[in-house]
Amino acid sequence: MRSLAGEVFLLQLAVVVLLVAAVVVVLVVQGRSAAMLDARHRTLAAAGTFAESPGIVEALRSPHPTARLQPSAEAARKIAGVDGINTYTLDGLTITHSNPRQLGKHVVGPFSKAAAGKSFTETFEGSLGQSVVSVVPVKDAGGDVIAIVSSPVTVQNVQSMVNRQLPVVLGSAAAVLALSAGGTALVSRRLLRRTHGLGPAEMTRMYEHHDAVLHAVREGVLIVGEGGRLLLANDEARRLLDLPADAEGRPVTGLGLEEGIAERLASGRAATDEVHMAADRLLAVNIRPTAPFGTTGTVVTLRDTTELRALSGRAEVARERLKLLYDAGVQVGTTLDVERTAEELAEVAVPRFADVVTVDLMDPVLRGEDPPDVTTEMRRTARVGLHGDHPLYPLGRLIRFVPTSPMATGLAGGHAVLEADLRTAQRWRTQDPVNAELILERGIHSLIAVPLRARGVALGMAGYWRGQDSPPFDEEDVSFAEELTARAALSVDNARRYTREHTVADTLQRSLLPRGVPDQSAVEVAHRYLSAQAGVGGDWFDVIPLPGARVALVVGDVVGHGLHAAATMGRLRTAVYNFSMLDLPPDELLNHLDELVAHIDTDEQEWQGITGATCLCAVYDPVSGRVEAATAGHPGPALVHPDGTVSFPEVPVSPPLGLGAGLPRETAELTLPEGSTLALFTDGLIEGRDRDPDAGLAALRSALAGPARTPEETCTAVIDAVLPTGPRDDIALLVARTRRMDPTRIAVWEVTPDPAEVSKVRNACARRLTEWGLDDIAFTTELILSELLTNAIRYGTEPIRVRLLHDRHLICEVSDGSSTSPHVRRAEDTDEGGRGLFLVAQFAQRWGTRYTPRGKIIWSEQALYDGTAPAAEVAEEDLLAGWDDEPL
């Protein structure tokens, strides 16, 4: 049982049981003691009576004592209620005994005291078991002991007497126990009704709650009984009603309360949030009947609505502030633009916190740079709240705040500055007294200047202004303004960091892209590069002049945006340029580039590999009009024919860079008519957020088709027509209109492998140079041609061919069927050869070797009309006189 009454019942019942058990034990023990005492007395009386009976001495001395005494002893035993009356001689012979079989036998017993003439009683173990025995001596007339009489009673017989009394004792105990249990149950039942079945813990908790209601609850509680008497009032009710100390037990109407509220409390009618005056307080009164939960009466609760109203007002303000902070977290920093972030801060605070908000940032912050440590010079970046002409500084104005102004003070101290009443404050007027008066005339009367600080760096200041009917700022507003500004400052700093990274990446990207198109005659080129909304990426293009008046057109794409993508692009562009200088065909160039990217990705020292890079390389030869193109995961070029039709030549597909796994790439070869246009582009041009690449290619085809246009006009038309809305990737576009070299500016000679052919070709070359008006460089050209042709005849194989190209430079090419490449070395004084290529390197601007499927070409380039003379001042006649047709 968990109730208090149940516990009391169990406790009382346990006590009664213990008492009854103790009484029973005591009675049993006392009964046994009394029975044992009775046995001692009985046996002693029986033995003494028999020992003193008349004629016993004479019987003992008769010839047959047993025959005379045995019947008397049995009769006396039965009368005395003992177990036996036994007679023994002094030598232990049994005269009488309760067991006839013991007659005439000798016994040994503790009868020495009796033999000495003393009677005694003791308990011992005999033939009948544990017994109480009394021994009395039989004396003759002279007082001598002649025999001994013993009378035993067994303990079992004594116990049987007690057991006969035990039912009475137990029955009495049971009756007492039942009577006590009934009384206890009656008391417990009455207690159960009084305690409503509550246990001790519940009663303790109820008492604690009672104390809480009386002393701790911030709401008045009254219990009014029948007749309008006050039964209970807690501390808050006493305070609200100003009750006297002895109010409990007195009528409510006699407590000195206002008549209206006193009558309402005593009426006993239910009420909900009724408002009554009590002294200077406006109380909300609730009345409910206590039935059926208690005795007849009512319970009254009182709330001070004046305090609740103030509290609810503060709670509403706090809720609005929290909502404003939440909205600021969502609405400020939606872009990574510094100026827009400052505007968002001003917009979210007006008009919910301030009437006007201004944000002034340092110039380096607007550029994405780190702000200076000490400065009060800031630029007005955002201004929200006033319309039309007003005295606050306009947007974009560079403001130098004086040291005493709130802005400068807050920036220097790193904390907000409150000017609760601008009309009486003087420090802020020092910035511009005339403008300060205009601000006051406009109705602005309160200011909080808060520094924009993020990650320990001051970025600028935010000014919160109030005017017209708005209350002035207070200290609570200062704390909120600091919290709001701190949150916005993080967004401003994030935008600043992004601006810096974007500027750095854009600068790096622009510096790594070609700044201009190199001089060459093979193609007329125009290009475009557009950054994505997410920032600069890894798209690039290049126009690389190659030997033989050829040109390499390259576009590439590195996945991603930012510094890493731009840096990776620069590495790949540099690698492409270097491989191009080796005069490799497009497929071999891409194979080398693929190996480089794979090496970068597997190099453990690299902090980040190149993930996703593509490239398209096309080499155009204006002499033959042929173009060779190879791609590594990049879209192929678009070809605009002279008639305005557009096609997309099929270029064998190869995996992106770094994934080729050593597989060879294939090259597509085309012969282009003069005036054709090649358009190389990255996938950002044809792919968009909501546009399929096929749709992009169709749009590109439409933009390229049509009458002939310059490459510059073509680029503009393509960007205007094809550029996706809000491009997610950057875009590179390279448009090249091909040209063909005038056949009259090309000279070709097939040469047989005979040293005598050197002079013939040299003379033919001189004549052709004269036709081209290049007599100024004829001498050095003959020297270069003689050396190259002599080496080809001596060390090369057929076919041998000489070709002169009159382009921006004079290009001299000697080809043969051997793949052996000559090398420049410094000859010793005793060497007969080895000086020819050294002379070629001295007189030519550039020279090199280009391998073909059938051999190699050794070429040189010379500037036109530069008046360059041989390094040594030797007359031409003297030099030619020492020159023969033998190889050097």
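Please refer to the structure placed before this passage.
Conventions and cut-offs
- Residues numbered from 1 in each chain as written.
- Predicted model: local features only at pLDDT ≥ 70, side-chain atom pairs only at ≥ 80, totals over all residues.
- Heavy atoms only, no water.
- Helix = DSSP H or I, 4+ residues; strand = E, 2+ residues; numbered from the N terminus.
- Buried < 20%, exposed > 50% of the residue type's maximum accessible area, 1.4 Å probe, protein only.
- Contact = heavy atoms within 4.5 Å.
- Areas by Shrake-Rupley, 256 points an atom, 1.4 Å probe, with all protein chains shown as cover.
- Pairing = 2+ DSSP bridges.
- Axes fitted to C-alpha atoms, helices over the stretch in contact; angles between N-to-C directions.
- 1 Å grid on protein atoms, 1.4 Å probe; cavity = no way out; pocket = protein on both sides within 12 Å on 5 of 7 lines; lining within 4 Å.
- Points joined across faces, edges and corners; volume = space filled by probe spheres on them.
- Nonpolar A, V, L, I, M, F, W, Y, C, P; charged D, E, K, R; others polar.

Novice: If you had to explain the overall build of the protein chain to someone new, which residues and values would you point to?
Specialist: Counting secondary structure elements, the protein chain contains 22 helices and 31 strands. Residues classed as buried in the protein chain amount to 44% of the 888 residues present. Considering only intrachain contacts with a sequence separation of at least 6, the fraction spanning at least 24 residues in the protein chain is 61%. Accessible area of the protein chain: about 44,700 Å², with a carbon and sulfur share of 55%.

Novice: Can you lay out the sheet that holds strand 16 (residues 457-467) for me, pointing to particular residues and giving the numbers?
Specialist: Pairing within the open sheet is antiparallel, and its 6 strands lie in the order 13-12-11-16-15-14. Since the sheet does not close on itself, it has two edges, and those belong to strand 13 (398-400) and strand 14 (417-419), each with one partner. Direction aside, neighbouring strands of the sheet carry axes that sit 25° apart on average. Judged from the 5 bridges that link them, strand 11 (residues 356-361) and strand 12 (residues 377-384) form a sheet pairing that is antiparallel. Its bridge partner lying in strand 12, Asp360 is registered against Arg380. Across the face of the sheet, helix 14 (residues 475-512) comes into contact with strand 11, strand 14, strand 15 (444-454) and strand 16 while running at roughly 45° to strand 15.

Novice: Lay out empty space enclosed by the protein with the relevant residues and their values.
Specialist: According to the stated counting rule, one finds 4 cavities of 30 Å³ or more in the structure shown. Each pocket or cavity is described by its volume, and for the largest cavity that value is around 220 Å³. What lines the largest cavity is a set of 15 residues, and nearest its centre among them are Tyr393, Trp428, Gln431, Ile439 and Trp465. When contributions to the lining of the largest cavity are tallied by element, the ones reaching two or more residues are helix 12 (406-413) and helix 13 (433-441). At 3 residues, helix 13 tops the list of elements feeding residues into the lining of the largest cavity. Within the lining of the largest cavity, the residues separate by chemical class into 10 nonpolar, 3 polar and 2 charged. Counted as a void, the second largest cavity has a volume near 50 Å³. Ala618, Val627, Ala629, Pro637, Pro649, Val651, Ala668, Leu670 and Leu678 are the residues that line the second largest cavity. At the level of secondary structure, the elements contributing two or more residues to the lining of the second largest cavity comprise strand 21 (626-632) and strand 24 (668-671). Grouping the amino acids of the lining of the second largest cavity by side-chain chemistry returns 9 nonpolar, no polar and no charged.

Novice: Which residues make up unusual backbone geometry, and what values do they have?
Specialist: Negative phi characterises most residues that are not glycine, and trans characterises most peptide bonds. Here the bond from Val350 into Pro351 is cis, since omega is 0°, no more than 30 degrees from zero. Looking at the element boundaries, Pro351 is found in the loop between helix 10 (338-349) and strand 11. Residue Pro799 is bonded to the preceding Glu798 through a cis peptide linkage, with omega at 0°. In this structure, Pro799 sits in the loop between helix 20 (778-795) and strand 28 (800-806).

Keep in mind these values describe shape, not function.
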